Amino acid sequence: MDILLLNPPFIGKYSRTSRSPAVTKGGTIYYPFWLAYAAGVLEKNGHTVRLIDAPADGLTNENVREALRDFRPQLIVLDTSTPSIYDDVRSGEFFKLCYPDSFMVLVGTHPSALPEETMGLSPSVDAVARGEYDFTLRDLAAALRDDTALSDVRGISYREEGRIRHCPPMPLIEDMDSIPFVTSVYKKHLNIRNYRFAAARHPMVMIITGRGCPYRCSFCVYPQTFHSRKYRPRSAENVVDEFEYVRKNLPWVKEIGIEDDTFTADKARCEKICDLLIERGSKIPWYCNARADIDYTLLKKMREAGCRLMPVGFESASQEILNNIHKGIKADRMLQFVGDARRAGILIHGCLMIGNPGESEETARQSFDFALKAGCDSMQFYPLFVYPGTEAYEWARGHGYLTTTNYREWLDEGGDYRCVIDLPGLPGDRIVELCKSFYVHYHLRLSYIFKKLCQGIAHPAEGVRTVRSAMTFINFTIRDRLRARKRVRPEPSGSREHGWDTYWGRERHVEKFSKINTSYREVVDTLMNLTTPRSRCIELGCGSGTYAIELASKGRDCIGSDYSPSALRITRAKAKSLYGIDITLAGADIYTIPFKDGSFDMVFSDGVIEHLEVPKALEEMKRILKPGGVMVAKVPSRSFLQALVYYGMSPFMNRPFEAWYPMERWVQFTKEAGFTDVKAGKCGSIIDGILMRVFKGTRFRLSPKLGRLYYLFWGYAPRDSKRNK
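Model, not experiment: these values are computed from the prediction. (Residues numbered from 1 in each chain as written. Predicted model: local features only at pLDDT ≥ 70, side-chain atom pairs only at ≥ 80, totals over all residues. Heavy atoms only, no water.)

Digging into the overall build of the protein
Right, on to step 1. If you tally the helices and strands in the protein, you get 27 helices and 22 strands.
Right, on to step 2. The 725 residues of the protein split such that 61% are buried.
Right, on to step 3. Taking the contacts inside the protein whose residues are at least 6 apart along the sequence as the reference set, 75% of them involve residues at least 24 apart. (Helix = DSSP H or I, 4+ residues; strand = E, 2+ residues; numbered from the N terminus. Buried < 20%, exposed > 50% of the residue type's maximum accessible area, 1.4 Å probe, protein only. Contact = heavy atoms within 4.5 Å.)

A look at helix H22 (residues 546-553)
Each α-helix turn comprises 3.6 residues. Residues three or four places apart therefore point the same way.
Right, on to step 1. Of all the 8 residues making up H22, 7 are buried; the element is thus mostly covered by neighbouring parts of the structure.
Right, on to step 2. Every buried residue belonging to H22 is among Thr546, Tyr547, Ala548, Ile549, Glu550, Leu551 and Ala552, and all of these are buried.
Right, on to step 3. Positive phi shows up at Gly555, right after H22, with a value of about 90°.

Things to note about the nonpolar core
Right, on to step 1. Trp286, Met302, Met310 and Phe314 are the most contacted members of the largest nonpolar core, which totals 172 residues.
Right, on to step 2. Per-element accounting of this core gives the leading share, 9 residues, to helix H1 (residues 33-44).
Right, on to step 3. With sequence-adjacent residues up to four places away left out, Met310 is seen in contact with Cys288, Ala290, Ile294, Leu299, Met302, Phe337, Ile346, Leu347, Ile348 and His349.
Right, on to step 4. Core analysis: the next-biggest nonpolar cluster, separate from the first, contains 26 residues, Phe595, Ala617, Leu625 and Phe675 among them. (Core = buried A, V, L, I, M, F, W, Y, C linked by side-chain atoms within 4.5 Å.)

Points about unusual backbone geometry
Right, on to step 1. In this model, His202 is joined to Pro203 through a cis peptide bond whose omega is 0°.
Right, on to step 2. Note on placement: Pro203 falls in the loop between helix H8 (182-189) and strand S8 (204-207).
Right, on to step 3. Unusually for a residue other than glycine, Glu161 sits at a positive phi of about 55°.
Right, on to step 4. As for its position among the elements, Glu161 is in the loop between strand S6 (156-160) and strand S7 (163-166).
Right, on to step 5. Notably, Glu315 is not glycine yet its phi reads approximately 70°, a positive angle.
Right, on to step 6. With respect to the secondary-structure elements, Glu315 resides in strand S13 (residues 307-315).

Things to note about the side chain of Asp261
Right, on to step 1. Relative to the helices and strands, Asp261 resides in the loop between strand S11 (255-258) and helix H11 (267-279).
Right, on to step 2. Given a relative accessible area of 13%, Asp261 falls into the buried group.
Right, on to step 3. A distance of 2.8 Å separates polar atoms of two side chains, one belonging to Asp261 and the other to Arg19.
Right, on to step 4. Within the structure, the side chain of Asp261 is placed 2.9 Å from the side chain of His227, a separation counted as a polar contact. (Polar contact = N/O pair within 3.5 Å; in protein donor to acceptor, adjacent residues only side chain to side chain.)

As for the sheet that holds strand S4 (residues 103-107)
Right, on to step 1. In spatial order, the strands read S2-S1-S3-S4-S5-S6-S7; together these 7 strands make up an open sheet with mixed pairing. The sheet is open, and its two borders are formed by strand S2 (48-53) and S7, each paired with just one other strand. For this sheet, the mean inter-axis angle between neighbouring strands, taken without regard to orientation, is 20°.
Right, on to step 2. Two strands pair when backbone bridges link them, and S4 and strand S5 (residues 127-129) are joined in this way by 2 bridges, in the parallel orientation. Looking at S5, one finds that Val105 is bridged to Ala127.
Right, on to step 3. Where helix H3 (residues 61-68) meets the sheet, it contacts strand S1 (2-7) and S2, and its direction lies at approximately 150° from that of S2. (Pairing = 2+ DSSP bridges. Axes fitted to C-alpha atoms, helices over the stretch in contact; angles between N-to-C directions.)

Re helix H4 (residues 85-98)
Right, on to step 1. Here H4 contains 14 residues, and its C-alpha end-to-end distance of 20 Å stays within 8% of the 20 Å for a straight helix at 1.5 Å per residue.
Right, on to step 2. A large share of H4 lies buried, amounting to 13 of its 14 residues. (Expected span 1.5 Å × (residues − 1).)

Observations concerning the sheet that holds strand S15 (residues 378-383)
Right, on to step 1. The 6 strands are arranged S8-S11-S12-S13-S14-S15 in an open sheet whose pairing can be described as parallel. Looking at the sheet topology across the chains shown, the edges are occupied by S8 and S15. Within this sheet the neighbouring strands show an average axis-to-axis angle of 20°, counted without direction.
Right, on to step 2. In this sheet, S11 lies alongside S8 in parallel orientation, the contact comprising 4 bridges. Considered in S11, the bridge of Ile207 is made with Ile258.
Right, on to step 3. The strands touched by helix H14 (residues 331-344) within the sheet are S13 and strand S14 (347-354), with S13 carrying the most contacts at an inclination of about 170°.
Right, on to step 4. Relative to S15, helix H17 (residues 428-443) is tilted by about 170°, and along the sheet it contacts S14 and S15.

Focus: the packing of helix H12 (residues 296-304) against H14
Right, on to step 1. Taken N-terminus to C-terminus, the directions of H12 and H14 make an angle of 35°; their axes are 9 Å apart at the nearest point. H14 is crossed by H12, and the crossing has right-handed handedness. In this structure, H12 uses Tyr296, Leu299, Lys300 and Arg303 to contact H14, whose residues at the interface are Phe337, Asp340, Ala341, Arg343 and Ala344.
Right, on to step 2. The class makeup of the residues in the contact of H12 with H14 is 5 nonpolar, no polar and 4 charged. (Left-handed = near helix turned anticlockwise from the far one by under 90°. Nonpolar A, V, L, I, M, F, W, Y, C, P; charged D, E, K, R; others polar.)

Concerning the packing of aromatic side chains
What describes a pair of aromatic rings is the distance from one ring centre to the other and the angle between the planes of the rings.
Right, on to step 1. For the structure shown, the criterion picks out 30 aromatic pairs.
Right, on to step 2. Taken together through their ring pairs, the aromatic side chains of Tyr30, Phe33, Trp34, Tyr37, Tyr133, Phe197, Tyr222, Phe226 and Tyr287 make up a single cluster.
Right, on to step 3. Lying across the ring of Tyr37, Arg211 places its NZ or CZ 5.3 Å from the centre.
Right, on to step 4. Across from the ring centre of Tyr215, 3.8 Å away, lies the NZ or CZ of Arg291, which sits over that ring. (Phe/Tyr/Trp six-rings, centres within 6.5 Å; stacked < 30°, edge-to-face > 60°. Lys NZ or Arg CZ within 6 Å of the ring centre and 35° of its normal.)

Let's talk about the pairing of S6
Right, on to step 1. In terms of strand pairing, S5 meets S6 through 3 bridges, oriented antiparallel. Bridge pairing in S6 places Val128 opposite Ser157.
Right, on to step 2. Sheet topology places S6 next to S7; 4 bridges connect them, and they run antiparallel. Looking at S7, one finds that Glu160 is bridged to Arg163.

Here is the structure:
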């Protein structure tokens, strides 16, 4: 069976597999290791697999479809996360349209926690796989190939006769050694240089040596929704064999990251792995996630075996808060651990959270004081993220602290963390502000900078890593400050002098329109493919409303907007006459569109932009477009025939001098405005449209070679992103 495993597009270099998915300040982007492990299992069982990581490769959905070429997947598996779930479902709809005979299944922590809610987002989702899904996908693929009952596939929730049926859970995988090395999957399917952990040397790989975590932290999403609190490790020999595989087959890799929730949960096994690494003479540095409860003896052995770094979740310096989140560790023990690690020669990347039960500004500053005293190699401060399926989420919802149920609100427009809880005396905005302030002040201290300079001189590789992370952080901070600046709305353009209302006042009510011209059909089909029934759309400069009416008649939530009241009256009358519907309309100057920022999933403009001051118009359109939404526009080609048509219409409109911009200039305009993925193509004949207006209701079709319109497809995201829907 042909199977596509896809990490779908989202905001820029979105790290979906991170325990707190986001576009990170330090440039970290995780491997899609859960998809990769499943790919290894599926290939081991005879299936043909394509694993594509769209965020890492900078791909859009359309790019992915082009990359697949003749590969027609029968099973499509999409990874998901809570902040991206709506966009993930939309990606699923896109690929369901491309491959209507395929079976679409979503995986990840979010659908595992909320299977029915996730499937309810779109009928394109055929199933979700709950929890760790390696063997679930193996059995599902076999059932689809052999046309056997899906009710026998453990671990899925699927549709049956209009209802969602939940199969029994798949038993946890106990023999972890039976799963192929994930690094062999990386080598075959992924570009290893796309991935990085800010505190690790680059290039690097990430592996899992054991699933589950025996500790009971209330916030941690993977143990509670995905692979349980039972730690199921691979054998020490199997882990060291993978180190050997990396050394022989991926010689350019400079570090191995062990991404177990807590690699040191079984200290005896950890010690055995270190002994084997020392015995085999392994020279590859590695890092691992650990708790602050390891004694000096084990730390020293880990350093001897190549351990360079430990990311450690301290979470808080307040013992009360540590108790509230079931951390199971003493605050004073954490300082002792940092001292022991420094003495052993292991770097510590510390993690502190703000917003846990019992948090206040006082306890938050207590945590910052702890960070200064500990003096870790690097420190991360972040808000508490409450994900569905966790105790923390239920606590926040139960106490009324959760500020939104819109999962898009978990991130800001740039993909950075947002806090979605307001605590008594500590609102979410203040929590985010404290985290950013602590992060900057910690890393910009003169003593810290001097320490890093000395470290870079003594160990050049560490210096290179630090400089890369610093540049990414500085770039991220600058963009963040720019986004935070108050938007300056452009002044009205004085459109009345162009006579729009006079022009539309002469327009007669149209009973019928012929919808067979090439341009119209291509545009309508594209607009429908780019949207779902849940999408909110607006056509700017709708005029007589042909496209707005068509989209509304096909079940889209589409608003028609125009400066001219006469045009809007005609649009409403036509909608009632043609389809018996009453569409939503709004009168607005293009420069003062009366909608809130980020109101629409799609903005469409047909032959309007070229008559305006383009940069200002694009800024206003971008303002009302949701990050990651799409903008579609038609602008004229630079042809003699086009000029005749536009100048022939000029008595009714302003003279379209901007219409003469070459396509390179149009692309430049869009990029300067922050749009990405600009696609310019040709669609239909402008003569079709003109004759359609002249010969109302006449059926005709002319050659598209007789003058053409350029069709632009603009995906909007932060300037450094490549996100497209």
